[in-house]
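Chain and residue survey
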Amino acid sequence: RAKETGKARCVVYSPLRSGPPEYDISLEAAMFQAVREGEFQLYYQPIVDTRTRQIQGFETLMRWKHPTLGMVPPVRFIPIAETNGLINLLGAWALKAACVQLKCFEEAARRSLYVSVNISPRQFRNDKFLDVLDDALAYSGLRGEQLVLEITEGTLMIDPAHAETILARMAERKARIAIDDFGTGYSSLAYLKRFPISVLKIDRAFIKDLPESLKDGAICNAVLDLARHLGLSVVAEGVETEPQLAFLEQRGCDYIQGYLTGKPMTSHVAMAALKEDKYATLQPTDRRADTP
Ligand code: C2E
Ligand code: MG
Ligand code: MG
Ligand code: MG
């Protein structure tokens, strides 16, 4: 990548940094430039009701289109933004943009939808986070219940007492909390009792080998049972095949998200999918070739 840009790639390791040991300085510099140039964009991935096959909402996924590096994946730039604090700026922009876009999606669909936005640990801990949330809701006119905030188990566990306060404030606004990548963290199930959580997102790691893997099948069954008894809804992440969908549907999984029903797409493409009510009308065989 250094050769592509013609710049020296400087990688430093400092024990004072909380970020990953390999910190890409040139990418960090490019990120500040990217903010000024408006190179960041939001993509939208449909979250589909397993029974009706209708789009119920979208998860927003950030994209960075660099003029020479091309698409820089979030796994590369989010950790940098998390380390240098740029995530607060990017995250505030994403939250507001997502809420505004959802209003447009609703006009196209002529029904109520929701939007699910990823919140990183640093954003969640930021003093201004609730102000950012209020601003996004007020500016867009979105109701709190139309907003889902995706956090990981790790985010809750860094400072559980603080998390409790923030989640209570979110609940006052009716915004819902989803646990992203559920089952991959190091936390105990006790947090499901302690915190006001509404949605569990089963990580793709447990979905990808379905329906053949008996272990993954058992884990998905257990999560679905747990969610049912706790009154939580479940989204299965990374659903790519019809047999995976069939397995999840049969076991009462409410929602799926994955390449089968749509890759992350631009707002323009998402709008078209909504107008056609795409997944509700297509046959299973058609849906397979459906990703944009
Ligand atoms: P995530 O929130 O767990 O997002 C799901 C990831 O799985 C996305 O990767 C999505 O493109 C991918 N995915 C969805 N369906 C499938 C499938 O069927 N098969 C496969 N193989 N992958 C699928 P993406 O967009 O590269 O994002 C990676 C991670 O970066 C996200 O994981 C999230 O943790 C983070 N991220 C993305 N956008 C944002 C953002 O706006 N803010 C924050 N804080 N983090 C973000
Ligand atoms: Mg997510
Ligand atoms: Mg996830
Ligand atoms: Mg994941």
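Because the structure is a prediction, the values reported are computed rather than measured.

Quick word on the coordination of the magnesium ion (ligand 2)
Protein coordination of the magnesium ion (ligand 2) is provided by Glu-59 (OE), Asn-118 (OD1), Glu-150 (OE) and Asp-180 (OD), with donor distances spanning 2.0 to 2.2 Å. In the primary structure, the donors to the magnesium ion (ligand 2) are separated according to the pattern E-x58-N-x31-E-x29-D.

Side note on the side chain of Arg-53
Mapped onto the elements, Arg-53 comes out in the loop between strand 3 (40-49) and strand 4 (55-66). Using a relative accessible area of 17% as the deciding quantity, one classes Arg-53 as buried. Separated by 2.8 Å, the side chains of Arg-53 and Glu-249 make a polar contact.

Comments concerning the nonpolar core
Of all hydrophobic cores here, the largest spans 77 residues; its most connected members are Leu-149 and Met-170. The leading source of residues in this core is helix 4 (residues 86-109), at ten residues. Those residues in contact with Leu-149 that sit more than four places away from it in its chain are Leu-95, Val-117, Ile-119, Phe-129, Leu-133, Met-170, Ala-175, Arg-176, Ile-177 and Ala-178. Ile-47, Tyr-114, Val-148 and Val-199 belong to the second largest nonpolar core, which has six residues in total.

Examining the packing of aromatic side chains
Summed over all chains, the structure comprises seven aromatic pairs. Relative to Phe-77, the ring of Phe-40 has its centre 5.4 Å away and its plane inclined at 65°; by these criteria the two rings are edge-to-face. On the criterion of sequence distance, the pair formed by Phe-40 in strand 3 and Phe-77 in helix 3 (residues 74-84) is long-range, its members being 37 residues apart. Each of the two residues, Phe-40 as well as Phe-77, counts as buried. The interplanar angle of 90° and the centroid separation of 6.3 Å between the aromatic rings of Tyr-44 and Phe-58 together place this pair among those described as edge-to-face. Within this pair, whereas Tyr-44 is found in strand 3, its partner Phe-58 is found in strand 4, the two being separated by 14 residues in sequence.

Quick word on the environment of Leu-230
By secondary structure assignment, the location of Leu-230 is in helix 10 (residues 214-230). Sequence spacing of Leu-230 and Met-31 is 199 residues, and the spatial spacing of their C-alpha atoms is 42 Å.

Re the pattern of salt bridges
Pairing between side chains of opposite charge can happen when their charged atoms approach one another. Inspection of every chain in the model, using the stated rule, returns 14 salt bridges. Here Glu-249 and Arg-53 are joined by a salt bridge, their closest N and O atoms 2.8 Å apart. Of this pair, Glu-249 sits in helix 11 (residues 242-250) while Arg-53 sits in the loop between strand 3 and strand 4, placing them 196 residues apart in sequence. Measuring nitrogen to oxygen at the nearest pair gives 4.0 Å for the salt bridge that ties Arg-173 to Glu-172. Residue classification places Arg-173 among the partly exposed positions, given a relative accessible area of 21%.

Rules behind the numbers
- Residues numbered from 1 in each chain as written.
- Chains lettered and ligands numbered in written order.
- Predicted model: local features only at pLDDT ≥ 70, side-chain atom pairs only at ≥ 80, totals over all residues.
- Heavy atoms only, no water.
- Donors = N, O, S within 2.8 Å, 3.2 Å for Na, K, Ca; no water.
- Helix = DSSP H or I, 4+ residues; strand = E, 2+ residues; numbered from the N terminus.
- Buried < 20%, exposed > 50% of the residue type's maximum accessible area, 1.4 Å probe, protein only.
- Polar contact = N/O pair within 3.5 Å; in protein donor to acceptor, adjacent residues only side chain to side chain.
- Core = buried A, V, L, I, M, F, W, Y, C linked by side-chain atoms within 4.5 Å.
- Contact = heavy atoms within 4.5 Å.
- Phe/Tyr/Trp six-rings, centres within 6.5 Å; stacked < 30°, edge-to-face > 60°.
- Salt bridge = Lys/Arg side-chain N within 4 Å of Asp/Glu carboxyl O.

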